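Remarks on the overall topology
Listed here are the chains, written in short residue letters.
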Amino acid sequence: MYELPSGADIQTIISTIKTGAQFFLPEIFLSGLFLVLILLDLAVRPARHHVLSITSLVGLLASFYFIVQQHAMTGEEIFFGMYVVDEFALFFKYLLVGSAVLTVLLSMPSDELNSRTSGLGEYYPLLVGMTIGMVMMASATDLLMIFLAMEMVSLAAYVLTGYLKRERRSTEAALKYLVYGAVSSGLMIYGFSILYGMTGATNIAVISQVLTERGYDPLLLMVASLMILAGIGYKIGAVPFHFWSPDVYEGAPLPVTAFLSVASKAAGFALLMRFFYVAVPQTIDPAGFVPGLDWVTILMILSVASMIYGNIVALWQTNVKRLLAYSSIAHAGYALLGIIVMDELGTQATLFYLVSYLFMNFGAFLVAILIANKTGSENLEDYRGLGRRMPLAGAAMTVFLISLVGLPPTVGFIGKLMIFSALLAKGSLFIWLALIGILTSVISLYYYMLIPLNMYLREARHPLPDKIPSGFLPQAVTAGLMILTLYFGIFFTPLSDFALSAISIFGNQLF
Amino acid sequence: MDVLTTIGLNHYLTISVLLFGFGLFAIITRKNAIVVLMGVELILNAANINLLAFSKFNGAMEGVMFSLFVIVLAAAEAAVALAIVINIYKTFNTVDVSRIDSLKE
C-alpha cells in the first residue's frame, strides 16, 4: 500500500534535516545543557546544589546568544514544515528562557527546595527540559510537533509539582495535575485525529488551506476545535479548564508554581494564537460580525468566565498561593481578550500583557518565597506586621500587587490599558467585554490589597524580631523586578515596539 | 449486506468512538486513580485507531507516524503517572481519588 522511499530520497531527507539543524541551535544548546546537568549531578553528588543551579543559570543565559542570532534567519521553515523560526517564536523564546532564568534565581534561596528534598539532582535538568518543551510549543507548526512539545512540558511539570515527595500537599497536587493533564491531552489528541481525518494533513498551514479550499462540516470542525481547546485551555488555566490550578499552585514548591503560572501559561498562549489564527478559518468580518458557533465566540465565553470566576473566588482566599492561583485564572481571561480582537493591536496587547505578567507575578512569588522561608507558611495571617520588618520585600510586594490590579505607574496598568484600548478600537461590539474587564479589575483591588494591609497596618499576633534579614541575592532580584515593573510602567515604548515586531506569524502574515 | 461483509472507514470510526466513550466514562465515574489512568489510555488508543484508519483510507503515512509517537508518549506518561500514584499510596495509604483531598478551598 505504501511505497518505500528510494536511496536517493533518504539522502535528500538526511540533508534536509542537516540544514534544518542550524536553525535549531537554541534548542540543541538547551538539550546539551540538560545532559550536562544530569552528568554534573552524578559527578558532584551529593555535595552541593549551587553547582547545579549556577550551571543552569549560566547555560540558560548563554542560550540567549543563540536566540539573538536567530533574528537573522527568521521566516525559515525547517524539518519539513514541522517547525518555524519567526519573530513571533523568537519573542516567546526570550520570554520563556527569561522566566526559566528567573525560576532558577527563585529556586536558589528557597528553603522549601534546599532543605526539604533529598537532593536537587533532577530538579534543574527537569526545569531545563520543560523550557525546551515550551520553546518548541511556541515554534511548532505541525500537529505532531505540537503534541510532542506539550507532552514534554506536561511530563516535566507533573514531576516538578510533586518534587517535595514526602509532603502530602505536593504529592496530591502532582496527582491532580496528572489526572487533569492526561485527560485534557487525551481530548486534544482525539481532536487532532478528527482534524487529520478532515484534511489528511498535519501541518497547520496546509490544514487551513485544505479547509478553505475544500469546505468543511462546521459542526465537526467545532467538535475538533473544542477538544483541542481543552488541551490548550488547560495549559493557560482558563475557566472551565482551571480545576487543577488552585490545588496545584498551592501544593507545588513555590518556584515551580511561579514557573507554571507564567511560563507554562505564556507557552499555552503562543500555541493558542498560532493554532487558531493559522489553522482554523474564522468567520469574523469587522463589518458584519455575527456571534455564533465559532471559536472567537467560545474564547469570549472562556475569557468572561475566567475574569469573573477568578476575581470573585479569590475574595475568600486566606492562602497567598491560592489567592495568586485564582488571580492567575483571572489574568488568563484578560490576556484572552487581546486574542479575541484578532488584529495587530490586540495581539500586540496580549504579548505585552504576558511580559508584564512575567515581571509582576515572578516578583510576587519571590516575595512569597522570602516570607515562607522565614515564617514557614503562606497564610495571609502570617503576613501581619512583616512590612516594617522586611522593608524591601514589603515595598516590592506592594508594587507588584498594584501592578497586578492594573493601577499606574506600573507595567500592569499599561498592559491592561493596551488590551482595553484594542477592544475599544475594534468597535462597539467589544465594549461590554472591556466593561467586564474593568469592573472585575476593581473587584481584584480588594483581595490584592489585603496583603499590604496585613503587612503594614496590622500587628503580628506573635512577637517577631525587629529586623528579618533575607540574604543579598534574593533582595537584589526583588529590587530588580520592582524597578523593571515601575520602569516599564513609565517607559513602555521599547517593550511595546518589541511586541509589535513579533506579531508576524510565518505562513500566514497575520490578518 | 455490504456493511456486514466489507470493513470500511465507518467501522473503524465506530470502534474509536466507542472506545473514547468508555474511556471518558471510566474517567468520570471511577474513583481509583489507576482506573482513571486506564480511561486515559483508552482515549489515547481511540485517537490512535482514528489516525490509523484515516491514514489507511487516505494512503498517506502521517497518521501512522503520528500514532507511533502517541504510543511512545502514552508509555512515558504511564511511567510518570505510576510513579506519582505509588508516591500517593505511600503518603495517603490509598489511591482513591475522592479521599485525597487535603488541599481545600
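From a predicted model like this one, the values you see are computed outputs, not experimental measurements. (Residues numbered from 1 in each chain as written. Chains lettered and ligands numbered in written order. Predicted model: local features only at pLDDT ≥ 70, side-chain atom pairs only at ≥ 80, totals over all residues.)

**A look at the overall build of chain A**
Looking only at helices and strands, one finds 21 helices and 2 strands in chain A. At 23 Å, chain A has a C-alpha radius of gyration in line with the 24 Å of a compact globule built from 511 residues. For chain A, the spread of C-alpha atoms along the principal axes amounts to about 75 × 60 × 40 Å. Out of the 511 residues belonging to chain A, those deemed buried represent 57%. The contacts of chain A with a sequence gap of at least 6 include a subset with a gap of at least 24, amounting to 79%. (Helix = DSSP H or I, 4+ residues; strand = E, 2+ residues; numbered from the N terminus. Rg over C-alpha atoms; globule rule 2.2 N^0.38 Å. Buried ≥ 20, exposed ≤ 12 C-beta atoms within 10 Å, placed from the backbone. Contact = placed C-beta atoms within 7 Å.)

**Describing the nonpolar core**
All names here are of chain A. In terms of nonpolar packing, the biggest core is built from 213 residues, with Leu-96, Met-137 and Ala-267 touching the most fellow members. A total of 21 residues in this core trace back to one element, the largest contributor, which is helix H15 (residues 344-375). Excluding residues that lie within four positions of it along the chain, Leu-96 makes contacts with Thr-131, Met-134, Val-135, Ala-138, Ala-263, Ala-266 and Ala-267. (Core = buried A, V, L, I, M, F, W, Y, C linked by C-beta atoms within 7 Å.)

**Focus: the interface of chain B and chain A**
Of the residues lining the interface, 34 residues belong to chain B; the matching set on chain A comes to 32 residues. Looking at the side of chain B that touches chain A, the element that brings in the most residues is helix H4 (residues 62-92) of chain B, giving 15 residues.

**With respect to helix H12 (residues 254-279) of chain A**
A turn of α-helix holds 3.6 residues, and therefore any two residues three or four places apart point the same way. In this model H12 of chain A runs 36 Å from its N-terminal to its C-terminal C-alpha over 26 residues, within 8% of the 38 Å that 1.5 Å per residue would give. The largest bend along H12 of chain A measures about 30 degrees and falls at Leu-260 of chain A. (Expected span 1.5 Å × (residues − 1). Bend = angle between axes of the 7 residues up to and from the residue.)

**Focus: the packing of helix H3 (residues 50-69) of chain A against helix H6 (residues 123-139) of chain A**
Residue and element names in this part refer to chain A. The geometry of H3 relative to H6 is characterised by a closest axis approach of 9 Å and an angle of 20 degrees between their N-to-C directions. Taken together, the axes of H3 and H6 are roughly parallel relative to one another. Read as a crossing pair, H3 and H6 show a hand that is right-handed. Here H3 contributes Leu-52, Ser-53 and Ser-56 to the contact with H6, which in turn contributes Tyr-124, Leu-127 and Val-128. (Axes fitted to C-alpha atoms, helices over the stretch in contact; angles between N-to-C directions. Parallel < 35°, antiparallel > 145°, perpendicular 65-115°, else oblique. Left-handed = near helix turned anticlockwise from the far one by under 90°.)

**A few points about the environment of Leu-323 of chain A**
Residue and element names in this part refer to chain A. Summarising the element assignment, Leu-323 is placed in helix H14 (residues 320-341). Remark: the alpha-carbon pair of Leu-323 and Gly-310, spanning 13 residues in sequence, is separated by 9.2 Å. In this view, Leu-323 contacts Ala-314, Gln-317 and Tyr-447; residues no more than four positions away in its chain are not counted.

**Thoughts on the packing of H14 of chain A against helix H19 (residues 431-457) of chain A**
Residue and element names in this part refer to chain A. In the contact formed by H14 and H19, the axes pass within 11 Å of each other and the chain directions differ by 160 degrees. By the angle between their directions, the pair H14 and H19 is classed as roughly antiparallel. Considering only the axes of H14 and H19, their crossing is left-handed. Across from Val-320, Leu-323, Ser-327, Ala-330, Tyr-334 and Leu-337 in H14, the residues of H19 making contact are Leu-433, Gly-437, Thr-440, Ser-444, Tyr-447 and Ile-451. When the residues that make up the contact of H14 with H19 are grouped by side-chain class, the tally is 8 nonpolar, 4 polar and no charged. (Nonpolar A, V, L, I, M, F, W, Y, C, P; charged D, E, K, R; others polar.)

**With respect to the environment of Val-210 of chain A**
By secondary structure assignment, the location of Val-210 of chain A is in helix H9 (residues 204-214). In contact with Val-210 of chain A, not counting residues within four places along its chain, are Thr-199 and Ala-201 of chain A.

**Points about the UniProt feature "transmembrane region" (unreviewed entry) in chain B**
Feature annotation in UniProt assigns "transmembrane region" (unreviewed entry) to the following positions: residues 12-28, 35-54 and 66-89 of chain B. Across residues 35-54 of chain B one finds 100% helix and 0% strand; the C-alpha atoms that close the span lie 29 Å apart. (UniProt positions renumbered as here; feature names shortened; annotations may be inferred.)

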